[in-house]
Amino acid sequence: MKDSSFREGDAKTAIFGSNAMLHPAPVDVIPDGPTTPEIAYQMVKDETYAQTQPRLNLATFVTTWMDDYATKLMNEAININYIDETEYPRIAVMNAKCINIMANLWNSPEQAQWKAGALAIGSSEACMLGGVAAWLRWREKRLAQGKPVDKPNFVISAGFQVVWEKFAQLWQIEMRQVPLTQEHITLDPQDALNMCDENTICIVPIQGVTWTGLNDDVEALDAALDAYNAKTGYDIPIHVDAASGGFILPFLKPEVKWDFRLKWVLSISTSGHKYGLVYPGLGWVVWKDKKYLPGSMSFSVNYLGANITQVGLNFSRPAAQILGQYYQFIRLGFQGYKEVQQNSLAIADYLHAEIAKFAPFQNYSKEVVNPLFIWYLKPEYAKTAKWTLYDLQDKLKQSGWMVPAYTLPDNLENWVVMRIVVRQGFSRDMADQLLGDISNAIADLEKLEYPTPTRIAQDKQQPVKGSVFTHTGSPKSTK
Ligand SMILES: *Cc1c(COP(=O)(O)O)cnc(C)c1O
């Protein structure tokens, strides 16, 4: 007998017996009517079903594992908007406590109880805020001197992350790039100073260069800049982009001076969602002292039930990440962070040593300074190989790994490299599984009778400067 209350797609219908599963998911137009939550859930879930497991993604720097309590806390806070400070005043306080903790990890000299800093969606927003503050301070000073302010610039190595290109474009501030070369694989202080002038708003060294995993020498830069500023009468400051390094150096290399201990470092940005060990999106920027955060960057609104002052590009933003960050600080403490970062570094070190044992491979740098490194095909091997690292990337993808191959920035763009980023959630045993898969992949690739399409494409290109690494067919994936 027909059930008179039956409607297609209602809760009585098996998900995979429903009409909805016979139709494509909407692409252009919102569906006419509702469906059940079970069906909607299944369709959305299944669209991402075939993707790689986040923890096998060795391309990303961003957190892919947190413990169950952190996950629970963050899920429970998913409906909280950070900006509603009047409704959730404790979250604003918790945010300020996180900024204090980071300022102190970076050796802030500020005496005030609440340090000057801001919450951000990631390092991108944090870098923008640091950059804008430097620009506004420079403007203010120039205007007071009656000097023109129409040609600001900043100086950074060619190993910059794409956010700095956005900063340059969106605020129309000229980006002056210090080339990276085989001799200078990080920012060369003297080369950087040679690019400075009265219109330079800041120099931006990087701790944990996205392309190579290396650190610019901020202490050497600061010393050279101090002499330069004394000689020229300028007061060009440093903003440190410590997206990765900001949460590595304080724990693993506390003796290295790269932070507020240095005279000209006035602001530092980092990604809470990278080695800060919190799920995305979370970033932080801290200024050495309140006086370096221009008042014109703070905006007040009065319609939330009180007068709220905030610094940031976004207005509404999730609060859950603040709870996640504060939880990690309490849960791990200094010692816990040190152990987690130490393990990541030790596993990166292990992989680095094992990668060097494969006949085709050569590591880019001898040392692993952050838990990530790059390698390339030995020139003599690459000359006769029928495959490239892009083929290896494809092979590893079949086992679920994402290990990106890409070309280095300008000047080194002939170098095709491969990168591994080790994060919390990647164990020694997983490293061994990966090495096994790399070994099998190489064995397969070496059996090839004919060169692969990427290898053929490479041969068709003009060899530049005698290099055999030429390949520009792939986007510069750095994330
Ligand atoms: C990741 C990264 C950024 C951008 O950070 P998001 O947190 O992804 O916005 C900026 N600079 C460097 C050096 C990075 O590694």
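Nothing here was measured: the structure is a model prediction, and the numbers come from that model. (Residues numbered from 1 in each chain as written. Predicted model: local features only at pLDDT ≥ 70, side-chain atom pairs only at ≥ 80, totals over all residues. Heavy atoms only, no water.)

## A short note on the overall build of the protein
- Within the protein one finds 13 helices and 13 strands.
- A globule of 479 residues ought to have a C-alpha radius of gyration of about 23 Å, and the protein, at 25 Å, matches this closely.
- Taken along its principal axes, the extent of the C-alpha atoms in the protein is 90 × 70 × 45 Å.
- Looking at the protein as a whole, 53% of its 479 residues qualify as buried.
- Within the protein, contacts between residues at least 6 apart in sequence are counted, and of these 69% link residues at least 24 apart.
- A total of about 22900 Å² of accessible surface is found on the protein, and carbon and sulfur atoms cover 54% of it.
- One finds the centroid of the 45 positive side-chain charges in the protein at a distance of 3 Å from the centroid of its 51 negative side-chain charges. (Helix = DSSP H or I, 4+ residues; strand = E, 2+ residues; numbered from the N terminus. Rg over C-alpha atoms; globule rule 2.2 N^0.38 Å. Buried < 20%, exposed > 50% of the residue type's maximum accessible area, 1.4 Å probe, protein only. Contact = heavy atoms within 4.5 Å. Areas by Shrake-Rupley, 256 points an atom, 1.4 Å probe, with all protein chains shown as cover. Lys, Arg positive; Asp, Glu negative; His and termini not counted. Charge placed at Lys NZ, Arg CZ, Asp CG, Glu CD.)

## Brief notes about the side chain of Q393
- Within the element layout of this structure, Q393 appears in helix α11 (residues 389–398).
- If sequence neighbours within four positions are ignored, Q393 has contacts with M402, V403, P404, A405 and M418.

## Remarks on the pattern of salt bridges
- Summed over all chains, the structure comprises 16 salt bridges.
- The salt bridge partner of E354 is K357, with a shortest N-O separation of 2.8 Å. In this pair, E354 and K357 are both assigned in helix α9 (residues 320–357), three residues apart and thus about one turn of the helix distant.
- When the shortest N-O distance is used, the salt bridge between R428 and D432 registers 3.1 Å. In this pair, R428 and D432 are both assigned in helix α12 (residues 428–446), four residues apart and thus about one turn of the helix distant.
- Taking relative accessible area as the criterion, D432 reaches 30% and is therefore assigned partly exposed.
- Among the charged side chains, a network of salt bridges with common partners joins E174, R176 and D197. (Salt bridge = Lys/Arg side-chain N within 4 Å of Asp/Glu carboxyl O.)

## Some details on the sheet that holds strand β12 (residues 405–407)
- Read across the sheet, four strands follow the order β10-β11-β13-β12 without closing on themselves; strand pairing throughout is antiparallel. Sheet topology places β10 (361–363) and β12 at the edges, where each strand pairs with a single neighbour. Across this sheet, the average inter-strand angle for adjacent strands is 40 degrees, counted without regard to direction.
- Where β10 meets strand β11 (residues 372–377), three bridges bridge the pair, whose relative direction is antiparallel. Bridge assignment links N363 to a residue of β11, and that residue is W375.
- With respect to the sheet, α11 is in contact with β10, β11, β12 and β13 (416–421), its orientation differing from that of β13 by roughly 35 degrees. (Pairing = 2+ DSSP bridges. Axes fitted to C-alpha atoms, helices over the stretch in contact; angles between N-to-C directions.)

## Details of the domain arrangement of the protein
- Split by domain assignment, the protein resolves into domain 1 (69–328) and domain 2 (334–474).
- Computed from C-alpha atoms alone, the centre-to-centre distance between domain 1 and domain 2 is 31 Å.
- Between domain 1 and domain 2, the residue contacts involve 28 residues of the former and 28 residues of the latter.
- Buried surface at the junction of domain 1 and domain 2, both sides included, amounts to about 2400 Å², of which 64% is carbon and sulfur.
- Along the contact surface separating domain 1 from domain 2 lie zero salt bridges.
- Here domain 1 and domain 2 share nine residue pairs in polar contact (both at pLDDT 80 or more) between them.
- For the side of domain 1 that touches domain 2, the secondary-structure elements that each account for two or more residues are α8 (249–252) and α9.
- If one sorts the elements of the side of domain 1 that touches domain 2 by residue count, α8 sits on top with three residues. (Domains from an automatic or database assignment. Buried area = accessible area lost by both parts, 1.4 Å probe. Polar contact = N/O pair within 3.5 Å; in protein donor to acceptor, adjacent residues only side chain to side chain.)

## Considerations on the site of the ligand
- Taken together, 14 residues are adjacent to the ligand, and S123, S124, D241, H273 and K274 come closest.
- In the model, an oxygen atom of the ligand is placed 3.4 Å from a nitrogen or oxygen of the T210 side chain.
- A distance of 2.8 Å separates an oxygen atom of the ligand from a polar side-chain atom of S271.
- For the shell around the ligand, the class distribution of residues is three nonpolar, eight polar and three charged. (Near = heavy atom within 4 Å. Nonpolar A, V, L, I, M, F, W, Y, C, P; charged D, E, K, R; others polar.)

## Considerations on the UniProt feature "modified residue: N6-(pyridoxal phosphate)lysine" (unreviewed entry) in the protein
- Mapped onto the present numbering, the UniProt feature "modified residue: N6-(pyridoxal phosphate)lysine" (unreviewed entry) falls at K274.
- Within the secondary structure, K274 is located in the loop between β6 (265–271) and β7 (283–287).
- Here K274 falls in the buried class, since its relative accessible area comes to 9%.
- Residues contacting K274, with those up to four places away along its chain left out, are F61, V62, T63, A243 and S244. (UniProt positions renumbered as here; feature names shortened; annotations may be inferred.)

## Thoughts on the packing of helix α3 (residues 89–105) against α9
- Two elements in contact, α3 and α9, have axes whose closest approach is 9 Å; the angle formed by their N-to-C orientations is 45 degrees. Between α3 and α9, the interaxial angle falls into the category oblique. As for how α3 packs across α9, the hand of that crossing is left-handed. Residues I91, M94, N95, K97, C98, I101, M102 and L105 of α3 form the contact with α9, whose participating residues are I322, L323, Q325, Y326, F329 and F334.
- Looking at the contact of α3 with α9 residue by residue, the class counts come to eleven nonpolar, two polar and one charged. (Parallel < 35°, antiparallel > 145°, perpendicular 65-115°, else oblique. Left-handed = near helix turned anticlockwise from the far one by under 90°.)

## Focus on α9
- Look at α9: only 43 Å from first C-alpha to last across 38 residues, short of the 56 Å you get at 1.5 Å a residue.
- Where α9 bends most, at G333, the angle is about 90 degrees. (Expected span 1.5 Å × (residues − 1). Bend = angle between axes of the 7 residues up to and from the residue.)

## Overview of the environment of I78
- Of note, I78 is situated in the loop between α2 (68–76) and α3.
- C-alpha of I78 to C-alpha of A320: the two residues are 242 residues apart in sequence and 5.8 Å apart in space.

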